[in-house]
Structures are given as C-alpha cells and as structure tokens.
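# Structural characterization, general
One-letter residues, chain by chain:
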Amino acid sequence: MKKSDSKAKRGTALRRESDRALVQQIRRLLALPPSKRTNFLRKRLPGGGSTL
Amino acid sequence: MTAEPWLILAARSFAKHRLEAVLIGNAAAALQGSPVTTLDLDFMFRKTPLNLTKLKRVADDLGAVVLKPYYPASGLFRLVRDRDGLQFDFMSKVDGIRSYQSLRSRAAAVRFGRATLLVATLEDIIKSKRAANRPQDRAVLPVLRRTLDEKVRLEG
C-alpha cells in the first residue's frame, strides 16, 4: 500500500514538473516575435523517420 | 531546423505572383508560440482557376512541381521540391473552417524578409484540429490549448 502511494506521488510530481516545463517553454516562445519562432521544421531522413 | 528560409521563400513568391493563402496547421501554431514541429507548411487557399495558375507560377519560381496526391476532388495541391524536401500543401477545404474568407479575416500578417505571410489564429488551428480528430491532431491539442491559455493570460 505504502509503495503504491509513493508511486502515485512520484507520478503526480512528474506530471506537475512536465507541465511546468511546457509552460516555461511556451512563455519563452511567446516572448519572441512570431517571425523568430521558426525552429519547428523536421527534416525527412532517407529510409523513413525525421529529425529537427 | 529553422523554417525561416522556407517562410521567406513562400512570402516572397506569393507576393511576386499575388497568390493569397493562409498558413495553417502546426507551422502556424508554432509561429503563434506553440512548441510543436512539422515536416511541411500547410496553407488554405481559394481554389479558383486564377489561383491554380498562380500556384503553378509559384512552383516554377521555386523550382518545384505541383502534385495532386489524392483523388481529384480532394482539393489538396502539393508543391514539392526534391532537392531539399521542400513541401507546401495547399488546401481549399479544411476541417472545422467554414470559409477561406472567415479564416483570412482573423489571420495575422507576419513579416518574413521583405514580404508577409498570413498566419491563422491559434483559435482557428485548434478548431480545425479538433474537427479533423486524427491521432496526430489529438496529440498536439493539449499543447495548443495551453499556448492559447498563456496568450490570453499575457494579453488579458
């Protein structure tokens, strides 16, 4: 019981941290002018897949 | 990688040939501040004989070809350049968008180089992705909604 409690707490903490990181990233992007928010293109790789 | 060279090319070539189109999809969402990525640039345009002629001129100008990858009535025209993988998709119908005019009336003009591109609002992109409801649309919707919340918070 105790083990699953701590697992749930860890999961909640991870989700909160992930959400905080997403909001920070969005705020950094919103601080730039739209013409500078251009690092979004993925390049196709030969044989499939893609990379930034 | 940066999409700036493609955006400058698109803005310059559309202006040169007077082709009016609105950037939509993940590229537009990224320019509106969302941390999302894409392989191509998607545009909505009005499918008129004149615009199709202009589209062909834009393709010639960029050293690209125009393909119709799906059945003829789909309204999708794909501009492709093999040497660097440039791909611009032009759609006359977009899920969740009632008309080109309504999308255009809300779009923002963003300058790239010496010309501007029309970029759809985040609200319209969210509406469109919600209506399309493909797995890739559902995957980015929470990020787009979060961006919109932050924008509203900053502007409010």
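Reading the values: rules and limits
- Residues numbered from 1 in each chain as written.
- Chains lettered and ligands numbered in written order.
- Predicted model: local features only at pLDDT ≥ 70, side-chain atom pairs only at ≥ 80, totals over all residues.
- Helix = DSSP H or I, 4+ residues; strand = E, 2+ residues; numbered from the N terminus.
- Rg over C-alpha atoms; globule rule 2.2 N^0.38 Å.
- Buried ≥ 20, exposed ≤ 12 C-beta atoms within 10 Å, placed from the backbone.
- Contact = placed C-beta atoms within 7 Å.
- Nonpolar A, V, L, I, M, F, W, Y, C, P; charged D, E, K, R; others polar.
- Pairing = 2+ DSSP bridges.
- Axes fitted to C-alpha atoms, helices over the stretch in contact; angles between N-to-C directions.

This part takes up the overall build of chain A. The helix and strand inventory of chain A stands at 1 helix and 2 strands. Helices and strands appear in chain A in the N-to-C order α-β-β. Against the globule reference of 10 Å for 52 residues, chain A gives a C-alpha radius of gyration of 18 Å, more extended than a compact globule. Across its three principal axes, chain A shows a C-alpha extent of roughly 50 × 35 × 5 Å. Expressed as a percentage of its 52 residues, the buried residues of chain A come to 13%.

Frequently, the measure chosen for interface size is the accessible area that the parts lose on association. Taken residue by residue, the interface counts 27 residues in chain B and 19 residues in chain A. Secondary structure elements with two or more residues in the side of chain B that touches chain A: α1 (4-17), α2 (25-31), β6 (108-112) and α6 (135-155) of chain B. A per-element tally of the side of chain B that touches chain A places α6(B) first, with 6 residues. Along the lines of polarity and charge, the residues of the side of chain B that touches chain A split into 15 nonpolar, 7 polar and 5 charged.

Turning our eyes to something else, we now look at the sheet that holds strand β2 (residues 41-45) of chain B. Residues and elements named next belong to chain B. Spatially, β3-β4-β5-β2-β1-β7-β6 is the arrangement adopted by the 7 strands of the open sheet, whose pairing is mixed. Pairing within the sheet leaves two strands with one partner each, and these edge strands are β3 (65-67) and β6. Each strand of the sheet is rotated relative to its neighbour by a mean of 35 degrees, with strand direction disregarded. Two elements, β2 and strand β5 (residues 86-91), share 4 bridges in a ladder whose sense is parallel. Residue M44 lies in a different strand from β5, and its bridge partner there is M91.

Turning our eyes to something else, we now look at unusual backbone geometry. Of all residues except glycine, most have a negative phi; of all peptide bonds, most are trans. Unlike most non-glycine residues, B:R18 shows phi in positive territory, near 55 degrees. Along the chain, B:R18 falls in the loop between α1 and β1 (21-24).

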